[in-house]
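# Topology and contacts: notes
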Amino acid sequence: MKNAVFVPNVYQPKLDLIQIEIAIKNIKDNFERELSESLNLTRVSAPILLKSGTGINDNLNGVERIVSFDALDLSSSTIEVVQSLAKWKRVALSRYGFTPGEGLYTDMRAIRRDEELSNLHSMYVDQWDWEKVITYKQRNLKTLKNEVQKIFQAIKSTENYLYKSYPSLVPVLPKDIHFITTQELEYKYPNLTPKERENEIAQELGAVFIMQVGGKLHSGEKHDGRSPDYDDWSLNGDIILWYPLLERAMEISSMGIRVDEKTLLKQLKLSNAESRIKMDFHQSILKGELPYTIGGGIGQSRLCMFFLKKAHIGEVQASVWNDRIIEECKKGNITLL
């Protein structure tokens with residue numbers, strides 16, 4: 001059933017509401033510190049609104065409707081609410097003057113009106129969006145894996161930090177994160193859907209980085225959609241954790257090495273989106289005005305949900321839900337903020 005809530009058997013939250021709010025703050029403070037130190041990132045301010053037509057707002061899979069409106073003092077422009085800052089960050093790195101090995105992170109807030117609400121999905125999105133300058137020679141698999149491992153260790157460190165304050169929140173993450181491509185997954189589980197494959201591999205390994213998302217597999221199908229103008233589909237992926245409480249895989253982060261000039265043109269052509277070439281952002285890449293970068297987004301609420309062993313994302317963020325979800329959560333002893 002659409003929007004149905006999965007309720008674990010005999011669900012009993014481990015912390016009360018005040019403890020939850022305190023723990024959320026501690027998680028975010030600790031993880032931000034671990035992330036910024038490990039990846040050499042500086043925190044910068046982030047927009048929630050952008051002008052349309054520049055190509056900077058993320059169009060995600062290309063089908064989601066962007067929330068937009070007209071403004072009293074900007075009558076000549078349509079204003080868009082951010083969907084993610086994947087492209088904006090690359091522009092910001094150039095504007096701030098970051099050099100190779102340095103980067104930024106932001107406290108990103110977005111609204112995605114076409115999100116299908118569930119235990120893991122909300123219309124309100126909160127992420128740590130990060131981006132880092134690299135050299136052209138660093139546009140390779142080794143660089144990608146190194147950054148993934150740093151992020152995973154920051155996640156593990158925060159899990160252990162929280163356990164010291166709340167002994168009931170026993171760590172469940174494995175020692176290391178594993179790597180597999182979407183094509184290898186298809187070979188391994190040819191009769192399963194992409195989401196079913198993610199569940200199988202996550203349950204087997206505990207933590208996995210699924211690489212090369214966006215392009216078609218040998219079957220002719222895509223593992224998942226990915227916008228053609230920020231990630232290089234051959235050098236990207238998703239950090240997936242196995243979440244025992246919901247008995248399913250949980251995507252914590254989508255990230256990758258960003259497109260260069262050739263990859264941008266190739267992926268726009270494959271996506272029938274060559275009309276975007278004229279946009280400011282795309283022209284900046286083609287003219288070599290933007291640095292080569294790697295970056296991604298890390299879900300704040302999802303990470304808090306994972307650490308605090310919550311059944312629903314609404315237990316760690318205040319959002320809007322339909323009547324069915326509210327009623328099912330009430331019956332399942334799930335307290336929405």
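The rules behind each value
Residues numbered from 1 in each chain as written. Predicted model: local features only at pLDDT ≥ 70, side-chain atom pairs only at ≥ 80, totals over all residues. Heavy atoms only, no water. UniProt positions renumbered as here; feature names shortened; annotations may be inferred. Pairing = 2+ DSSP bridges. Helix = DSSP H or I, 4+ residues; strand = E, 2+ residues; numbered from the N terminus. Axes fitted to C-alpha atoms, helices over the stretch in contact; angles between N-to-C directions. Contact = heavy atoms within 4.5 Å. Core = buried A, V, L, I, M, F, W, Y, C linked by side-chain atoms within 4.5 Å. Buried < 20%, exposed > 50% of the residue type's maximum accessible area, 1.4 Å probe, protein only. Arc of directions from axis to C-beta. Polar contact = N/O pair within 3.5 Å; in protein donor to acceptor, adjacent residues only side chain to side chain. Left-handed = near helix turned anticlockwise from the far one by under 90°. Nonpolar A, V, L, I, M, F, W, Y, C, P; charged D, E, K, R; others polar. 1 Å grid on protein atoms, 1.4 Å probe; cavity = no way out; pocket = protein on both sides within 12 Å on 5 of 7 lines; lining within 4 Å. Points joined across faces, edges and corners; volume = space filled by probe spheres on them.

As annotated in an unreviewed UniProt entry, the chain carries the name Aspartate--ammonia ligase and is attributed to Niallia nealsonii. Its UniProt record gives the chain the following Catalytic activity (unreviewed entry) comment, quoted word for word: "L-aspartate + NH4(+) + ATP = L-asparagine + AMP + diphosphate + H(+)". UniProt, in the comment section headed Sequence similarities (unreviewed entry), describes the chain in these words: "Belongs to the class-II aminoacyl-tRNA synthetase family. AsnA subfamily."

### Some details on the sheet that holds strand β10 (residues 248-258)
Each strand in a sheet pairs with another by means of backbone hydrogen bonds, the pair being arranged parallel or else antiparallel. Read from one edge of the open sheet, eight strands run β1-β5-β6-β11-β10-β9-β8-β7, paired in mixed fashion. Each end of this open sheet is capped by a strand with a single partner; those strands are β1 (41-43) and β7 (178-181). Between one strand and the next, the sheet's axes are offset by a mean angle of 25°, whatever the strand orientation. Direction of pairing for strand β9 (residues 231-243) relative to β10: antiparallel, over a ladder of nine bridges. Residue pairing for β10: I240 is matched across the bridge by E251. The strands that helix α1 (residues 17-39) touches are β1, β5 (103-111), β6 (124-133) and β11 (293-299); relative to β6, the one it contacts most, it runs at about 20°.

### Describing the nonpolar core
Counting residues in hydrophobic clusters, the biggest one holds 55 residues, and the most contacted among them are W130, I151, M255, I298 and L308. Setting aside its immediate chain neighbours within four residues, I151 contacts F31, L35, L39, W130, I239, M255 and I298. Counting residues in hydrophobic clusters, the runner-up holds 13 residues, among them V82, L85, W88 and V133.

### Points about helix α6 (residues 261-270)
Within an α-helix, residues lying three or four positions from one another point in the same direction, as the helix has 3.6 residues per turn. Those residues of α6 not exposed but buried are T263, L264, Q267 and L268. Within α6, the buried residues cover an arc of 125° as seen down the axis, which keeps them to one side. Exposed side of α6, more than 90 degrees from the buried face: K262, K266, K269 and L270 are the residues found there. Contacts made by the buried residues of α6 are with β9 and α7 (280-286). Between a side-chain oxygen at the N-terminus of α6 and the backbone nitrogen of K262 the separation is 3.3 Å; the capping residue is D260. Within two residues after α6, N272 carries a phi angle of roughly 55°, on the positive side.

### Here's the deal with the packing of α1 against helix α8 (residues 300-308)
Following both chains from N to C, one finds α1 and α8 inclined at 115°, their axes separated by 10 Å at the closest point. Crossing angle aside, the handedness with which α1 passes α8 is right-handed. Every residue of α8 that contacts α1 at I20, A23, I24, I27, K28 and F31 is listed here: Q300, L303, C304, F307 and L308. A breakdown of the residues in the contact of α1 with α8 according to their chemical character gives nine nonpolar, one polar and one charged.

### Topic: the layout of surface pockets
Of the volumes computed, that of the second largest pocket is approximately 390 Å³. Surrounding the second largest pocket, 16 residues form its lining, G215, K216, W233, K266 and L270 being those nearest its centre. Elements with a minimum of two residues in the lining of the second largest pocket: α4 (182-188), β9 and α6. For the lining of the second largest pocket, the element with the most residues is α6, which contributes four residues. Across the lining of the second largest pocket, the residue classes tally to three nonpolar, nine polar and four charged.

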